[in-house]
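# Structural characterization, general
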Amino acid sequence: MRLQVIEFVKEGDISQSVIQMLWERFSMKMPGTTASESRAALQLLGMAAGAEVDIVRSNFEILVAEGLGERACTDFQFAADTCTALLKMAGSEKVKAGAHETPYKFAADNEIFSRLLVVLIAGASKLEDSSYTHLVKQAIAVIYRIAEHPDQICTKLLQDVSTVILSCQSDDDPGTENENSEDIFEKATPRVAGIHPGYLARLINMAGEVALKQLVHLDVSVAGELKRRRAVKQEDRDRKRLGRRSSTVRKSISLTRSTSKTKVSATGESVEEEMGLTAAIADDEEAEYIRKICENEIVTGDTLSLHDFYCSLGHLTAMMY
């Protein structure tokens, strides 16, 4: 169905009036609209945005206000569908060769992310809603796709959700207190003995999603941005170099056309080889830079340190056996 909707939009079979009607259904401004109809309209808008991203970008404020409002705190599937639509704003994840467009990003303090955190924190302890797991995946994908400094946002998310989840006492033994239980989450955790395993599973699942997205973010987004900036700088240098050489080359061609052709081709090969070597060295340096970030900042550093979660996962695994 998604592919059919995309094709309809490309062919112009879905008019602007239909898109407007879907927005009115989604925001429930059209009288008699039910919650299920609103969710269906949102899903169709997300599909249509796959063909024309401006469908979502032009109504960004409505999407955030309605899709991440009060309804999102009680209807996690609705919130997840909103995240799916938000992902379309960033455009295709596949970057065309030679494209140097600036990524579509929002500041870390944008309303999108503050609302997402509210929804995720509010639903962390609601084990009865199975849609929360899908919401976590989509929400973290949104953060890493369209946010500047997504690691900072997810650090706060993990800290706040940890506080909520680890303060929830087990339904089986709500009054359990163990004087000798280990403080496995170190500085910020209550005792684990009285925590429902479902809450811990949610916390570990969220940490795993963040870790995976952080890896992809560094390997694709950060590395791609470094290459994009390097390519832009190289184009500027080449443009200036060609500008300085243009007059000299024209004079040389007018004097000895055959000789100059040979020299230009030889020079061209030399420049290409030099640029290829320079690009390879730059790629190696960027890969080493990202590796150091992974080892020294993410795993053991103060920013988005996943070390506590790794240690906690080890302790929890040991307690099961």
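Residues numbered from 1 in each chain as written. Predicted model: local features only at pLDDT ≥ 70, side-chain atom pairs only at ≥ 80, totals over all residues. Heavy atoms only, no water.

## Examining helix α3 (residues 35-48)
Between its first and last C-alpha, α3 extends 20 Å over 14 residues, near the 20 Å set by a 1.5 Å rise per residue. Every buried residue of α3 is accounted for by S38, A41, L42, L45, G46, M47 and A48. Taken together, the buried residues of α3 touch α1 (2-11), α2 (16-26), α4 (54-57), α5 (60-67), α6 (70-74) and α7 (76-87). (Helix = DSSP H or I, 4+ residues; strand = E, 2+ residues; numbered from the N terminus. Expected span 1.5 Å × (residues − 1). Buried < 20%, exposed > 50% of the residue type's maximum accessible area, 1.4 Å probe, protein only. Contact = heavy atoms within 4.5 Å.)

## Looking at the pattern of salt bridges
For the coordinates displayed, the defined rule picks out four salt bridges. Taking the shortest distance from any N to any O, the salt bridge between R39 and D75 comes out at 2.5 Å. Placement of the pair is R39 in helix α3 and D75 in the loop between α6 and α7, with a sequence separation of 36 residues. For R39, a relative accessible area of 21% gives the class partly exposed. (Salt bridge = Lys/Arg side-chain N within 4 Å of Asp/Glu carboxyl O.)

## Structural notes on the packing of aromatic side chains
Inspection of the entire model under this criterion finds five aromatic pairs. Seen in terms of ring centroids, F60 and F106 are 5.1 Å apart; in terms of plane orientation they differ by 15 degrees. Their pairing is stacked. You can see F60 sitting in helix α5 and its partner F106 sitting in the loop between α7 and α8 (111-123), a full 46 residues away along the chain. The buried category is assigned to F60, whose relative accessible area is 14%. (Phe/Tyr/Trp six-rings, centres within 6.5 Å; stacked < 30°, edge-to-face > 60°.)

## A short note on a nonpolar patch on the surface
A contiguous nonpolar patch, built from L212, L215, V216 and V220 and spanning about 350 Å² of accessible area, is present on the exposed surface. When you line up the elements, V220 lands in helix α11 (residues 197-255). (Patch = residues over 30% accessible without salt bridge, like charges linked within 9 Å, V, L, I, M, F, W, Y side chains within 5 Å. Areas by Shrake-Rupley, 256 points an atom, 1.4 Å probe, with all protein chains shown as cover.)

## Here's the deal with the packing of α5 against α7
Interhelical geometry of α5 versus α7 gives an angle of 160 degrees and a closest axis separation of 10 Å. In this view, α5 runs roughly antiparallel relative to α7, as classed from their interaxial angle. When the axes of α5 and α7 are compared, the crossing they make is left-handed. Here α5 contributes F60, L63, V64, E66 and G67 to the contact with α7, which in turn contributes F78, A79, T82, A85 and L86. (Axes fitted to C-alpha atoms, helices over the stretch in contact; angles between N-to-C directions. Parallel < 35°, antiparallel > 145°, perpendicular 65-115°, else oblique. Left-handed = near helix turned anticlockwise from the far one by under 90°.)

Any link to function would need more than the numbers given here.
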